[in-house]
Amino acid sequence: MGSVALGGLKMAREPKPDFERYMTTLHCEEPDRVPLGDWHVDRLPKESFMGRKIVTLEDQVDFWYTAGFDFVTSSSGILEPVRAPEGMTTKGEAVHTEYGDRVAREWAQEHEGVITNWEQYEKFSWASEDDFDLSQWDFFDKNLPKGMKAILLLGKIYTFVWMSMGAETFFNALETNEELVEALFDKVGQIQYETFLRVIEHPSVGAVLNPDDIAHNTGLLIHPKYLRKYVFPWYKKMGDVCRDKGIGWILHSDGDCTEVMDDLVDCGFHAFNPIQPKCMDIVEVKKRWGDKLCLIGNLNLDSTLTLGSPEDVRAEVYERIRTIGPGGGYMVSSSNSVTDFVPLENMKAMIDATFEFGRYPIELEEGGVKGTFWTFQAKPKLEKVEIAAELDVEAYVIALLRKNIPRLIELVQKDIDSGVNPSDVVNKGFIPAMTIIGERFQSGEIYIPELMISAKAMSETLEHFRGQIAVKSEEKLGTVVIGTVKGDLHDIGKNLVIMMLEGQGFTVEDLGISVAPETFVQAVKNKKPDIVGLSALLTTTMMEMKNTIDALKEAGMRDSVKVIVGGAPVTQKFANDIGADGNAYDAPGAAQKCKELVSS
Ligand code: B1M
C-alpha cells in the first residue's frame, strides 16, 4: 500500500482493495466478490467506526480502506447555493443524530431561491473551475493504497438549478420563464463539465459518481421532456468522455426513475444507485436493465438499516446478494447513504455480511439467514373518489393545468351568469376539478409542477372574484395546522399537501419546517384547528410525530383535534402505532383523509 498510515478499528480480515473488482462489476460481470458500493458515509458513523476523529485526507482514506472499500470518494466542483447574496442562507439548523451529536444540515428554501430572476442571475457570484480547491487529487495521486482509486462526486446539475431557484419558483419557471431556466442549466452544466474535465486528468480517478436526485417516491420530480432538454445532454457529454477514458460513470438518484431508465443507459451510465426499495423493485430493474446497468444499493435506509437489528441487516444483505448478485453487476450499499442515524452495529453488519456472502460464484440457499428484511412494496391501490360534477369540470381541469387564468375567469363568469350560486362554482367546479387533477398526479399522468400550478391557478382565480365567491366560513371544511416535524427540513411534499387542502376548501396554518412539539401545542391552543397535520421524510424524525402526539396529550388537547401523519417513510401501521387518526400516501390522499376526519 501507499504512504497512508492505517490506524483505527482492527478488522478480522485484510481489506485487499482492488479497483479492478469495482470496474468489472460496473461492466456487469463477475469479479472475485461483491464490492461495497456506498459513496457517502456521514462524518459521525465514520468516526465511530474508526474510534477517532476524521480530520485529514489521510484519515478519510484510512476509513474507506479499513472498512473494506475499493475506493475513496471526494467531491469537487459541487456547486452549492450557499454562495448566496448576503442575508440569504441555505443552511439548515442543527438536528439530532444517532450518535448523540448535532450536525448542521443543508436545505433549500421552497418558496424563495437565490436566483429567481435575471438580475439575481447576473449578480450571483458564479464559481469557475479555477475557484475549486482540487488539491486532494494530487494527494490521492501520490498516496492511495495499492489497488484503490478515487471516485469523483460531481454533476449536481438538476439539483443545483432547482435549489438555487427554490422549488416553487423553479416548477413554475419551467413553463413561464424558459429563458432563465435554460440559461441556468447551461451555466451550471458548463461549470460542472469543465471541472469534470480537469479533475479526471488525475490518474487516481477511477470513476465519477453524479449525485443528482431527479425523482421522488412515486416518480420523476418533473416531466421527462425537461430532463431530456436541459439535463441529459450534459450527462451524455460526461458519459462519452468517461467511456472514452475507461473510467466509470454512475448516477445516484433517489426515487422512482423507471420512466427514464432507457435515457440513463443512453447517457452512458455504467451504474445506477441507490434503488430505494420503497420506490423501485430491484428484481424487476435487474430483469429489465441488469445487462446494461450495474445496480448499487437497495439496503433499506427507511427501516432495516435504521430501525432493524444487525441480524436483520445481515439477512437483507444475504437476500440482495442471493437475488441480484449472481452474474455480477451488483454492489451492496444503503438506499441513500450511511447517515448519522444508522446505528454503528448495523453499518458494521452490512459490511461484514457483504464479505461473508459476496464471494463468487454466488450459491446461496433461499431462507438461509434468519432476520426481517424488506423487499419492494408497491404503492397502495388508490380508491376512486366519486365526483359530483354538475358544471363543465373538464373545462376547469384543462384551464387549471394550463394556468389559463383568463379562461378560468371566463368559465366562472359564464357559470355565475347562467344562475349558478357563486359558492357552487367552488364546490361543483373547482373542487371536483382539483380532485381529478389529484388523481392524475397519483396515477403518474402529471407531475409536481402541474399539481402546484393548478392549485395556484385556482387561488388566483378565486382572488379575482374576491367578494363575489367568498366561501362563507360555515362552508369551509375546517382548519388544519400543519408542519414538518422537528429535525426534518423537507418541505416540498408538505407544501403540496397544503395546496391540495386549500384547493378542497380547508383553511391551513403552515408552521413551516423543523417544528417542535411545543410549537404544535401552542398553535392548537391559539388556532383551535380541527386537524393537526404532521409531515416527516426521515425515519429518524418520524419519532417526533409520536412526541408531538404525546405533547398534545400532556397538554390535555389530544381529544380536541384529529391528527394526520404523512411523508415518504410513514406507513399506516406506524400511524396506528403512535395513535394518529389518519395517514395519507400523497397530497390528494391527504386532502381526502382530512375530509373524512372532519365528517366523522
Ligand atoms: Co432528502 N432524503 N435528505 N433531501 N430527499 C429523502 C427523503 C430520502 C428518502 C432519500 C433516500 O432514502 N434515498 C432519505 C430519507 C431516508 C429515511 O430516513 N427514511 C433522505 C435523506 C437521508 C436526506 C439527508 C439525511 C441526506 C444527508 O444529508 N445524508 C438530508 C436530511 C435533511 C434533514 O431534513 N434534516 C436530506 C436532504 C435533502 C435535501 C435538502 C437535499 C432535499 C430537500 C429539499 C426540500 O424539501 N426543501 C431532499 C430531497 C429533495 C429528497 C428526495 C429526493 C425528494 C423529497 C421530495 O421533495 N419529494 C427524497 C427521496 C424520495 O422521496 N424518494 C429524499 C417530492 C414530494 C412531492 O414528495 O416529500 O414524499 P414527498 O411528499 C409526498 C408524500 O410523502 C405525502 O404527500 C406528498 C405529496 O404527494 N406527504 C404527506 C408528505 N407530507 C405529508 C403529510 C401528510 C400526508 C401526506 O399529512 C399531514
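Residues numbered from 1 in each chain as written. Predicted model: local features only at pLDDT ≥ 70, side-chain atom pairs only at ≥ 80, totals over all residues. Heavy atoms only, no water.

Student: Help me get a handle on the sheet that holds strand S15 (residues 562–566), residues and values and all.
Tutor: Ordered in space as S13-S12-S14-S15-S16, the five strands form an open sheet in which the pairing is parallel. One side of each edge strand has no neighbouring strand; the edge strands of this open sheet are strand S13 (506–510) and strand S16 (582–584). Taking the axes of each pair of neighbouring strands and ignoring which way they run, one obtains an average angle of 25° across the sheet. Strand direction decides the pairing type here: strand S14 (residues 531–535) and S15, joined by five bridges, are parallel. (Pairing = 2+ DSSP bridges. Helix = DSSP H or I, 4+ residues; strand = E, 2+ residues; numbered from the N terminus. Axes fitted to C-alpha atoms, helices over the stretch in contact; angles between N-to-C directions.)

Student: Give me the lowdown on the packing of aromatic side chains, citing residues and values where you can.
Tutor: Enumeration according to the criterion identifies 27 aromatic pairs in this entry. Aromatic rings pair up to connect Phe19, Tyr22, Phe49, Phe63, Trp64, Phe69 and Phe71 into one cluster. Above the face of the Tyr193 ring, Lys237 is positioned so that its terminal group lies 4.7 Å from the ring centre. (Phe/Tyr/Trp six-rings, centres within 6.5 Å; stacked < 30°, edge-to-face > 60°. Lys NZ or Arg CZ within 6 Å of the ring centre and 35° of its normal.)

Student: A description of the nonpolar core should follow, citing residues and the corresponding values.
Tutor: Soluble globular proteins tend to bury their nonpolar side chains together. The biggest cluster of nonpolar side chains holds 175 residues, and the ones touching the most others in it are Tyr22, Tyr158 and Phe170. Judged by nonpolar contacts, the second largest core, of 24 residues, contains Val532, Met545, Ile549 and Val561. (Core = buried A, V, L, I, M, F, W, Y, C linked by side-chain atoms within 4.5 Å. Buried < 20%, exposed > 50% of the residue type's maximum accessible area, 1.4 Å probe, protein only.)

Student: How would you sum up the confidence of the model for the chain? Please name residues and give values.
Tutor: The share of residues in the chain with pLDDT of 70 or more is 89%, and the mean pLDDT across the chain is 89. Of the regions scoring below 50 in pLDDT, residues 1–10 engages in 28 contacts with residues more than four places distant in sequence or in other chains. (pLDDT = per-residue confidence, 0-100. Contact = heavy atoms within 4.5 Å.)

Student: Outline helix H19 (residues 492–503), supporting the account with residue identities and numerical values.
Tutor: Compared with the 16 Å implied by 1.5 Å per residue over twelve residues, the 17 Å span of H19 between its first and last C-alpha is a close match. The element H19 is largely enclosed, with a buried count of nine among its twelve residues. By the burial criterion, the buried members of H19 are Lys494, Asn495, Leu496, Val497, Ile498, Met499, Met500, Leu501 and Gly503. Two residues or fewer past H19, Gly505 is found with a positive phi of approximately 105°. (Expected span 1.5 Å × (residues − 1).)

Student: How would you explain the pattern of salt bridges if you had to name every residue and give the values?
Tutor: One pass over the full model with this rule turns up 28 salt bridges. Asp62 is the partner of Arg52 in a salt bridge, and the nearest nitrogen-oxygen pair spans 2.2 Å. Residue Arg52 is located in the loop between helix H2 (43–50) and helix H3 (57–67), and its partner Asp62 is located in helix H3; the two are separated by ten residues in the primary sequence. The partner of Arg558 in a salt bridge is Asp581, and the shortest N-O contact between them spans 2.9 Å. With a gap of 23 residues between them, Arg558 in the loop between helix H21 (539–554) and S15 and Asp581 in the loop between helix H22 (572–577) and S16 connect regions that are remote in the sequence. Of the residues examined, Arg558 reaches a relative accessible area of 12% and is grouped as buried. The network of salt bridges with common partners includes Arg21, Asp32 and Asp70. (Salt bridge = Lys/Arg side-chain N within 4 Å of Asp/Glu carboxyl O.)

Student: Any chance you could break down the sheet that holds strand S9 (residues 271–273) for me, citing the residues and the numbers?
Tutor: Pairing within the open sheet is parallel, and its seven strands lie in the order S1-S4-S5-S8-S9-S10-S11. Whereas interior strands pair on both sides, the edge strands pair on one side only; in this sheet they are strand S1 (71–75) and strand S11 (330–331). Here strand S4 (residues 149–153) runs beside strand S5 (residues 205–211); their pairing, made up of four bridges, is parallel. In the sheet register, Leu152 faces S5, and the bridge partner there is Val208. Those strands touched by helix H9 (residues 224–245) are S5 and strand S8 (248–252), and its axis lies near 150° from that of S8.

Student: Quick one: what's the story with the side chain of Asp212, residue by residue and with numbers?
Tutor: You can see Asp212 is positioned in the loop between S5 and strand S6 (215–216). Despite being buried, Asp212 has no salt bridge partner; Lys156 is the closest side chain of opposite charge, sitting 7.4 Å away. A distance of 3.0 Å separates the side chain of Asp212 from the backbone nitrogen of Ile157, its partner in a polar contact. In this structure Asp212 touches Gly155, Lys156, Ile157, Tyr158, Thr159, Val231, Tyr235, Leu251, His252 and Ser253, once residues within four positions along its chain are discounted. (Lys, Arg positive; Asp, Glu negative; His and termini not counted. Polar contact = N/O pair within 3.5 Å; in protein donor to acceptor, adjacent residues only side chain to side chain.)

Student: Outline the pairing of S8, listing residues and values.
Tutor: A large share of S8 lies buried, amounting to five of its five residues. Of the two faces of S8, the one lined by Gly248, Ile250 and His252 and the one lined by Trp249 and Leu251 are each fully buried. Both S5 and S8 contribute to a ladder of five bridges, which runs parallel. Paired with Asn210 across the bridge in S8 is Leu251. Bridging between S8 and S9 involves three bridges; their strand directions are parallel. Its bridge partner being in S9, Leu251 is matched across the sheet by Phe272. Chirality of the crossover, the property in question, places the unit of S8, helix H10 (residues 261–266) and S9 among those that are right-handed. (Right-handed = clockwise from strand over helix to strand, strands pointing away.)

Student: How would you sum up the packing of helix H6 (residues 158–165) against helix H7 (residues 167–176)? Please name residues and give values.
Tutor: Running from N to C, H6 and H7 point in directions that differ by 110°, and their axes come no closer than 6 Å. Our classification of the angle between H6 and H7 gives roughly perpendicular. Residue-level inspection shows Tyr158, Val161, Trp162 and Met165 of H6 in contact with H7, the latter providing Ala167, Thr169, Phe170, Phe171 and Ala173. Here the contact of H6 with H7 is built from residues that sort into eight nonpolar, one polar and no charged. (Parallel < 35°, antiparallel > 145°, perpendicular 65-115°, else oblique. Nonpolar A, V, L, I, M, F, W, Y, C, P; charged D, E, K, R; others polar.)

Student: Give a detailed account of the pairing of S13, specifying residues and quantitative values.
Tutor: Where a strand is regular, its side chains alternate between the two sheet faces. Sheet analysis places strand S12 (residues 478–484) next to S13, joined by five bridges and oriented parallel. Among the inter-strand pairings, Val480 is bridged to a residue of S13, identified as Val508.

Student: Can you break down unusual backbone geometry residue by residue, with the values?
Tutor: In this structure, the amide linkage connecting Asn273 to the following residue, Pro274, adopts the cis form with an omega of 10°. Here Pro274 shows up in the loop between S9 and helix H11 (282–289). Each neighbour pair has its own omega, and for Tyr360 with Pro361 the value is 0°, a cis peptide bond. Position of Pro361 among the secondary structure elements: in the loop between helix H14 (344–357) and helix H15 (393–401). Despite not being glycine, Lys16 shows a phi value in the positive range, around 45°. For Lys16, the location among the structural elements is in the segment before helix H1 (19–26). What makes Lys16 exposed here is its relative accessible area of 58%.

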